[in-house]
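# Remarks on the overall topology
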Amino acid sequence: MSDIIRRDPRAEWIARNRLHPLHAAMQPAQHSWMGPNGIIRKNLHGIGFIGPNGIKRIDRSGAQQGGAVKRSATVEVQLPLHQVPAPAFYISVVPDMVGGRLSSHDRDLLGLAHQLAGNDGAVLAVVFGEHKENAFATAGVDRLLVLEGEAFSGYAPEQRVQGLRAVDNQFNPRHWLLPDSRSGGGELGRRFAAALGERPATRVWQVKDQECIGRAGAGLQDLARPLARLILAAAECAEPVSETRHEALSVELSTTVARSLSRIEDLGAVAVDPAAIPMAEAEFIFSGGNGVKDWALFHETAAALGATEGASRVAVDDGFMARDRQVGASGTWVTARVYVAVGISGAIQHLQGIGACDKVVAINLDPGCDMIKRADLSVIGESAEILQALIEAVAAYRNEAKRDAA
């Protein structure tokens, strides 16, 4: 196995949260302590391991127990399984699945669906086309319906509405939940509501006491209305599912979705200059800080990756980046899918600005800085060497892709 130390942010969060049901299981066993008279006491019953023949063995070298010789392995958290063998009703969720994976907005939506489903209902996730997600079970999906086919690929809202109507006829969900986002959920939800003849509840940020509370008046007022069948929810509408795992059983439609004559032609993706993308809308941000010594190499790496450039306040104050590229509480709050921080220690204002990012990658020399603690993936080393290796890896990957295409 690899000797690279990998962190489990979720396990660390459970270990810090004393109210979590798995908190006690995440605490390390205490093998020795100092008694009131100053003498070190040892728990002999807690030392050792069970051998293949059932006899307890003590490895005094510490190699097998990961004590003084090797770092102990991360404890695997086994969440309790939530099963709904015969659902009394369904709560259907249509996630955006940007990039083929669940976003933080999608997970909030699944958390809200789990609240509405309770113990008798099941959460049915409807996904269009191929996806790369393998964590539907821990996100709160009880049933998974994937509508595949060329008709659903690309920008095809009319065909997707036909698919959702087929799902509605077969499963008759009690509620439909879609993200009120610019990634497709807001438009698809409104089209679907018009097809069903339903009046949707839009920009909903809270559901309680059989009422939907949504934003109104340019986001300055709250509008309460009775719980609607079709809900377009905003981000942070509920806490995502984190304490249970679900079955995510695959289901299929009993009928074939009719092919609609689309009045919209999808011409495919259009190349956009990453520098022209506003920071608040960028999906991939490559951000530099005080630890970047070769800014020409930094710009070259960002161009090779096709990422939007960002910077910490120190880098902006020193004149290496423009003020509109500053990320943080005093700059721009970003919601990128991937945020790469190069040479950024992680001031509290900067961490606040990237709080909504899905995945954070940190490149830094200091393994104890706050950005390393926040990151999902950390690379410890000199930034210039790492960036150069990254450029070479991207070039090799693209050359191989060209050879395969030829």
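Residues numbered from 1 in each chain as written. Predicted model: local features only at pLDDT ≥ 70, side-chain atom pairs only at ≥ 80, totals over all residues. Heavy atoms only, no water.

As recorded by an unreviewed UniProt entry, the chain carries the name Electron transfer flavoprotein subunit alpha/FixB family protein and is attributed to Pseudomonas neuropathica. Quoted straight from UniProt, the Sequence similarities (unreviewed entry) entry for the chain says "Belongs to the ETF alpha-subunit/FixB family." (UniProt positions renumbered as here; feature names shortened; annotations may be inferred.)

## A word on the packing of aromatic side chains
Taken as a whole, this structure holds six aromatic pairs when the rule is applied. For the ring pair Y90 and F171, a centre distance of 5.3 Å and an interplane angle of 85° mean the geometry is edge-to-face. On the criterion of sequence distance, the pair formed by Y90 in strand 6 (residues 90–93) and F171 in helix 4 (residues 157–171) is long-range, its members being 81 residues apart. Using a relative accessible area of 16% as the deciding quantity, one classes Y90 as buried. Members of the aromatic cluster, joined through ring pairs, are F286, W295, F298 and F320. (Phe/Tyr/Trp six-rings, centres within 6.5 Å; stacked < 30°, edge-to-face > 60°. Helix = DSSP H or I, 4+ residues; strand = E, 2+ residues; numbered from the N terminus. Buried < 20%, exposed > 50% of the residue type's maximum accessible area, 1.4 Å probe, protein only.)

## Concerning the sheet that holds strand 15 (residues 249–251)
Judged by pairing direction, the sheet is mixed, and its nine strands sit side by side in the order 12-11-10-13-9-6-7-8-15 without closing on themselves. Across the chains shown, the open sheet's two edge strands, defined by having one partner strand only, are strand 12 (221–226) and strand 15. On average, each strand axis in the sheet is tilted by 35° relative to the strand beside it, whichever way the strands run. Relative to strand 7 (residues 122–128), strand 6 runs parallel, the two sharing four bridges. By the bridge assignment for strand 7, I91 is matched with V123. On the sheet, helix 4 packs against strand 6, strand 7, strand 8 (143–147), strand 9 (175–179) and strand 15 and is oriented at approximately 155° with respect to strand 7. Where helix 5 (residues 185–196) meets the sheet, it contacts strand 7, strand 9, strand 10 (201–208) and strand 13 (230–233), and its direction lies at approximately 165° from that of strand 13. (Pairing = 2+ DSSP bridges. Axes fitted to C-alpha atoms, helices over the stretch in contact; angles between N-to-C directions. Contact = heavy atoms within 4.5 Å.)

## Re unusual backbone geometry
A positive phi angle is found at R203, which is not glycine, with a value near 50°. Tracing the chain through its elements places R203 in strand 10. Positive phi, close to 55°, is recorded for Q210, a residue that is not glycine. Following the sequence through the fold, Q210 ends up in the loop between strand 10 and strand 11 (211–216).

## So, the sheet that holds strand 16 (residues 284–288)
Ordered in space as 17-16-18-19-20, the five strands form an open sheet in which the pairing is parallel. Looking at strand neighbours, the two that pair on one side only are strand 17 (308–311) and strand 20 (377–380), the edges of this open sheet. Each neighbouring strand pair of the sheet contributes to a mean axis angle of 20°, computed without reference to strand direction. When strand 18 (residues 338–342) meets strand 19 (residues 359–364), the two strands line up parallel, connected through five bridges. Note that in strand 19 the partner of Y339 across the bridge is V360. Lying on the sheet, helix 6 (residues 295–305) is in contact with strand 16, strand 17 and strand 18; it crosses strand 16 at an angle near 175°. Along the sheet, helix 10 (residues 383–405) makes contact with strand 16, strand 18, strand 19 and strand 20, crossing strand 19 at roughly 125°.

## Some thoughts on the packing of helix 4 against helix 5
Their axes nearest at 10 Å, the elements helix 4 and helix 5 cross at an angle of 55°. Considered as vectors, helix 4 and helix 5 are oriented oblique to each other. For the pair helix 4 and helix 5, the sense of crossing is right-handed. On helix 5, the residues touching P157, E158, R160, V161, L164, R165 and D168 of helix 4 are E187, L188, R191, F192, A195 and L196. By residue class, the composition of the contact of helix 4 with helix 5 is seven nonpolar, no polar and six charged. (Parallel < 35°, antiparallel > 145°, perpendicular 65-115°, else oblique. Left-handed = near helix turned anticlockwise from the far one by under 90°. Nonpolar A, V, L, I, M, F, W, Y, C, P; charged D, E, K, R; others polar.)

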